[in-house]
Amino acid sequence: MTKPPLTIYLAAPRGFCAGVDRAIKIVEMALEKWGAPVYVRHEIVHNKFVVDGLRDKGAVFVEELEDCPDDRPVIFSAHGVPKSVPAEAGRREMLFVDATCPLVSKVHIEAQRHSEAGLQMIMIGHAGHPETIGTMGQLPDGEVLLVETVDDVAKVDVRDPEHLAYVTQTTLSVDDTADIVAALRARFPAIIGPHKEDICYATTNRQESVKAIASKVDAMLVVGAPNSSNSKRLVEVGAREGCAYAQLVQRATDIDWRALQGISALGITAGASAPEELVREVVDAFRTDYEVTVETVETAQERVEFKVPRVLRVPA
């Protein structure tokens, strides 16, 4: 029987960003340098496949620093941590390596600088997300106020509307954030923002690549984890750009085949913490029932690379 034709449009860029690549490398290099076990506070990145692979190599993932022994190295995840965490590690004389993405660290520095200038901070982000917790934890309680939506802006209770600044979580939707920033500026004309939006280059590029293919396809699959903010935003962007069906899948086994019956064009992308191996797995799953043609739609090239901490680059 002849297989029906299917054109798969692969978004590019997709998958690993420089911050995720660096964080995974940090765990692997720590295991090479100090041997197993190496402890990691929270998932190093939001991807079960990646975390399971590192666990198999000897990484032990824990929720809090209190779950770590004093005599083994501990790594802080790419999402960043509140200031209290490295302070406690230092008090316990632990060997720790900070894998916080440099672009998240940049937001931390920004918040600290504004606070030192006497400004109260407003953070645009998602409550409970590790990055939001880490950024808000750079300053004392009450110094960072969280807004998640345009509606929140109308309700936020600030100390002095003339002395405010804002920062954003790096993995948000560019379009949604623009609306919230506009609402902040309308309510607080004196508010100071970053010179460039804090949303990272990789998040922006992946959203733009989804926009480029959304109108070409009947459905879109985003390879990523359900707790990955940037992956969930890609699903939302695809739907907003007119794609009739957009689904988040961790890997090929999660595909809802019934929802995809009758399609002739499919878009595939991957969140910033999803490895290319899982994208290939999803593409191969379609080859079983379809005559697949793959086209890559590239909207940007990424050449960003972040160095790992010096402690991992010098001999033990």
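For the structure itself, look to the data block above.
Figured I'd write up the structure that's included with this text. (Residues numbered from 1 in each chain as written. Predicted model: local features only at pLDDT ≥ 70, side-chain atom pairs only at ≥ 80, totals over all residues. Heavy atoms only, no water.)

## Here's the deal with the packing of aromatic side chains
Per the stated rule, a full pass over the model turns up 3 aromatic pairs. When the centroid spacing of 5.3 Å and the interplanar angle of 25° are considered together, the rings of phenylalanine 76 and phenylalanine 96 count as stacked. Taken together, the residues span a long stretch of sequence, with phenylalanine 76 in strand β4 (residues 74-76) and phenylalanine 96 in strand β5 (residues 96-98) at a distance of 20 residues. On the basis of relative accessibility, which here comes to 0%, the residue phenylalanine 76 falls in the buried class. Take phenylalanine 96: its relative accessible area is 31%, and that puts it in the partly exposed class. Ring plane angle 55° and centroid distance 4.7 Å describe the contact between tryptophan 257 and phenylalanine 286, whose orientation is recorded as tilted. With tryptophan 257 in the loop between β10 (246-249) and β11 (265-270) and phenylalanine 286 in helix α10 (residues 276-287), this residue pair connects regions lying 29 residues apart in the sequence. A residue is classified by how much of its surface remains accessible, and tryptophan 257, at 32% relative accessible area, is partly exposed. According to the relative accessible area criterion, phenylalanine 286 is buried, its value standing at 0%. One aromatic cluster is present, formed by Trp257, Phe286 and Tyr290 through successive ring pairs. (Phe/Tyr/Trp six-rings, centres within 6.5 Å; stacked < 30°, edge-to-face > 60°. Helix = DSSP H or I, 4+ residues; strand = E, 2+ residues; numbered from the N terminus. Buried < 20%, exposed > 50% of the residue type's maximum accessible area, 1.4 Å probe, protein only.)

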